Amino acid sequence: MHHALVLVLIAACGLAAAQEGVLSQLYAARPPAGSSYVRVVNPEAPALAVRVAKGSVQSIGGQTPAGSYAIVHGGQDFSVQVGDTEITGLQVRPDSFHTLVLRRSGKRYAVTPVDDTTDTEDALKAELRFYNLARACPEAALALSPSGTLVFRSVAANGSAARSVNPVRAAVAAQCGQVSTPAQQLPALQPGDHLSLFLLGTAQAPVLVMQTNRTDVFKR
């Protein structure tokens, strides 16, 4: 009898913990309506210390070109800190996702916005987004390897393209004109994952870097 009571109590505690976990997710702090998500990509080396609005300072560049998406107030000015330099007066529309491509011009930095907002979301699939950030590459493509089947074609400079895919194993290579990067295996993707594929380097020596998207947790 005592043993049965212990089992009942353990089961009850487990159920309570599970319910608490569900409730904590349900009532977790969420950004206010109209919030947007912004990250910075540094397509050059070496790495730079970057901060978006009130987000954390992140080191980006090289094999980790993108920071996580920070939360900003859509339709309101925010700034990006790059080392000791501050880029001010930036703004994105409410309820959007944006990547800011960082470039250096002399002693100053500037950003080029790329809209990452997706109108449709398929929770059963993963999303691939391909960015053409290679210098002097007017159009880029991404193809399956070794078949050569195109996943993305004719992506303009400082532009991107996205598509939903079944989370399967595959190898891909990027192309700028007749020059291709070495083939790379996609990481193991799960439904709902978002993977960025950045074409970096130059048109003559392009480099493909993959990075899983991350989003900051909202804190009140």
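Residues numbered from 1 in each chain as written. Predicted model: local features only at pLDDT ≥ 70, side-chain atom pairs only at ≥ 80, totals over all residues. Heavy atoms only, no water.

Summed over the entire model, instances satisfying the criterion amount to 2 cavities of 30 Å³ or more. In this structure, the largest cavity encloses a volume near 60 Å³. As for the largest cavity, its lining consists of Arg39, Val40, Val50, Val52, Gly55, Ser56, Gln58, Ile60, Gly67, Ser68, Ala70 and Asp216. For the lining of the largest cavity, the elements supplying multiple residues, two or more each, are strand E1 (35–41), strand E2 (48–52) and strand E3 (58–60). Considering only residue class, the lining of the largest cavity consists of 5 nonpolar, 5 polar and 2 charged. Looking at the second largest cavity, the residues that line it are Thr118, Thr120, Glu121, Asp122, Lys125, Ala126, Glu127, Ser164, Gly192, Asp193 and His194. Here the lining of the second largest cavity is built from residues that sort into 1 nonpolar, 5 polar and 5 charged. (1 Å grid on protein atoms, 1.4 Å probe; cavity = no way out; pocket = protein on both sides within 12 Å on 5 of 7 lines; lining within 4 Å. Points joined across faces, edges and corners; volume = space filled by probe spheres on them. Helix = DSSP H or I, 4+ residues; strand = E, 2+ residues; numbered from the N terminus. Nonpolar A, V, L, I, M, F, W, Y, C, P; charged D, E, K, R; others polar.)

Let's shift gears to the state of the cysteines. Scanning the model with the defined rule gives 1 disulfide in all. Across the disulfide, cysteine 137 is cross-linked to cysteine 176 (sulfur-sulfur distance 2.2 Å). Residues cysteine 137 and cysteine 176 share a disulfide whose torsion about the S-S bond is about 130 degrees; that sign makes it right-handed. Within this pair, whereas cysteine 137 is found in the loop between strand E9 (126–132) and strand E10 (139–145), its partner cysteine 176 is found in strand E13 (residues 171–176), the two being separated by 39 residues in sequence. As far as burial versus exposure is concerned, cysteine 137 and cysteine 176 are alike and both buried. (Disulfide = S-S within 2.5 Å. Buried < 20%, exposed > 50% of the residue type's maximum accessible area, 1.4 Å probe, protein only.)

Turning next to the layout of surface pockets. In this structure, the largest pocket occupies an estimated 450 Å³ of space. Lining the largest pocket are 15 residues, with Lys54, Gly55, Ile71, Val72 and Phe218 sitting closest to its centre. Broken down by element, the lining of the largest pocket gets its largest block of residues, 3 residues, from strand E4 (residues 70–73). Looking at the lining of the largest pocket residue by residue, the classes come out as 7 nonpolar, 4 polar and 4 charged. Along the walls of the second largest pocket sit 16 residues, with Phe97, Asp116, Thr118, Glu121 and His194 positioned nearest its centre. Of all the elements in the fold, those that place two or more residues in the lining of the second largest pocket are E1 and E9. Considered class by class, the residues forming the lining of the second largest pocket number 3 nonpolar, 7 polar and 6 charged.

Bringing the sheet that holds E3 into the picture now. Strand order in the open sheet formed by 4 strands is E3-E2-E5-E6, with antiparallel pairing between adjacent strands. Each edge of the open sheet is held by one strand with a lone partner, namely E3 and strand E6 (85–90). If you compare each strand with its neighbour and ignore which way they point, the axes differ by 30 degrees on average. By the bridge criterion, 4 bridges tie strand E5 (residues 78–82) to E6 in an arrangement that is antiparallel. Counted as the bridge partner of phenylalanine 78 is leucine 90 from E6. (Pairing = 2+ DSSP bridges. Axes fitted to C-alpha atoms, helices over the stretch in contact; angles between N-to-C directions.)

All right, on to the nonpolar core then. Leu128, Phe130, Leu142, Leu186, Leu197, Leu199 and Leu208 are the most contacted members of the largest nonpolar core, which totals 23 residues. For this core, the secondary structure elements donating two or more residues are E9, E10, strand E11 (150–156), E13, strand E16 (194–201) and strand E17 (206–212). Formed by 18 residues, the second largest nonpolar core is a distinct cluster that contains Val40, Val82, Ile87 and Leu102. (Core = buried A, V, L, I, M, F, W, Y, C linked by side-chain atoms within 4.5 Å.)

With that settled, consider the pairing of strand E8 (residues 108–115). Summarising the sheet, strand E7 (residues 97–105) and E8 pair through 8 bridges and their orientation is antiparallel. Residue pairing for E8: arginine 103 is matched across the bridge by alanine 110. Where E7 folds back on E8, the antiparallel hairpin that results is connected by 2 residues, among which glycine 106 adopts a positive phi of roughly 65 degrees.

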